[in-house]
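Residue-level listing of the chains:
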Amino acid sequence: MTIFPNSLTSSNGCQGCKSTLELDLDFTFAFQPIVDVRDQSIFAHEALVRGINGEGALSVLEKVNDQNRYRFDQLCRMRAISTAAQLGMTQHLSINFLPNAVYRPELCIRSTLEAARIHNFPLDRLIFETVESEYIENNHHLTNILRVYREFGLKIAIDDFGSGYSGLTLLADFQPDLIKLDIALVRNIHRDRSRQAIVRGVVIICAEMGIEIIAEGIEHAEERDFLTDCGVYLMQGYWFAKPAFEAMALVAAKSWHKA
């Protein structure tokens, strides 16, 4: 996939940003908490796309194509913010975005800023996640998006870190506020010395760069405890709470009990 499809660019500017194409699919969100094990609090809620009847994300994403990608990405941002505001969310809101749907970041961010203003949602409580495993032909374009978004006061997270194309090179080119360790590194880490060594190395690198780490996919207390001992304190996964459909999930007290 190219970053600038010919059908969406011209010498007159970004035609994708000017599109009035109606989106031919409907969707809503489930929210999954990201917890801070240091004080057993909720740090953020990640907005996860769902069908209007609770269908999984794939039922929506499989309908996204080159013609509606920009509109879908824009609506995701606005709808996530409006839904979070309606739920009375006071923690950070983490929103996934599609780098290949962004043509001129300073223009494509306008609807996001407007939604935050309308719903009185502070910009410094918005986290924009981009998936490190998604192929981006032009890495400079991605880092430019991230820099522009940060200039507007948004926090930046690299999702699925360690699973994709760019890895440490992306981290060298741009230092996000957060990275999310890929679930493949987290799964059964308490039993796997190779994964333990890799994660310890990432923790050291991120500490030097001032980057916080989120471990996603936590399903066992042993994973939680090992990562805590490594210095990873932000976590997400079924061990704490499953995504709640159009609601903010509660974290059960047992989630904090020692293994």
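Our structure's up above, just so we're on the same page.
Here the structure is a predicted model, which is why all the values come from computation and not from measurement.

Here we come to the pairing of strand β3 (residues 28-36). With nine of its nine residues buried, β3 lies for the most part within the structure. With burial as the criterion, each face of β3 is covered, one bearing Thr28, Ala30, Gln32, Ile34 and Asp36 and the other bearing Phe29, Phe31, Pro33 and Val35. In this structure, β3 lies alongside strand β4 (residues 41-50), joined through nine bridges in antiparallel fashion. Its bridge partner being in β4, Ile34 is matched across the sheet by Ala44. If you look at the hairpin formed by β3 and β4, you'll find four residues sitting between the two strands, and Gln40 has a positive phi there, around 55 degrees. Across two bridges, β3 lies against strand β10 (residues 234-236) in antiparallel orientation. By the bridge assignment for β10, Asp36 is matched with Leu234.

This part is about the packing of helix α8 (residues 193-209) against helix α9 (residues 221-230). One can describe the packing of α8 onto α9 by two numbers: an axis separation of 10 Å at closest approach and a directional angle of 40 degrees. Between α8 and α9, the angle is such that the two are oblique. Where α8 crosses over α9, the handedness of that crossing is right-handed. Touching Gln196, Val199, Arg200 and Val203 of α8 are Phe226, Leu227 and Cys230, all from α9.

Scoring rules and cut-offs
Residues numbered from 1 in each chain as written. Predicted model: local features only at pLDDT ≥ 70, side-chain atom pairs only at ≥ 80, totals over all residues. Heavy atoms only, no water. Buried < 20%, exposed > 50% of the residue type's maximum accessible area, 1.4 Å probe, protein only. Helix = DSSP H or I, 4+ residues; strand = E, 2+ residues; numbered from the N terminus. Pairing = 2+ DSSP bridges. Axes fitted to C-alpha atoms, helices over the stretch in contact; angles between N-to-C directions. Parallel < 35°, antiparallel > 145°, perpendicular 65-115°, else oblique. Left-handed = near helix turned anticlockwise from the far one by under 90°. Contact = heavy atoms within 4.5 Å.

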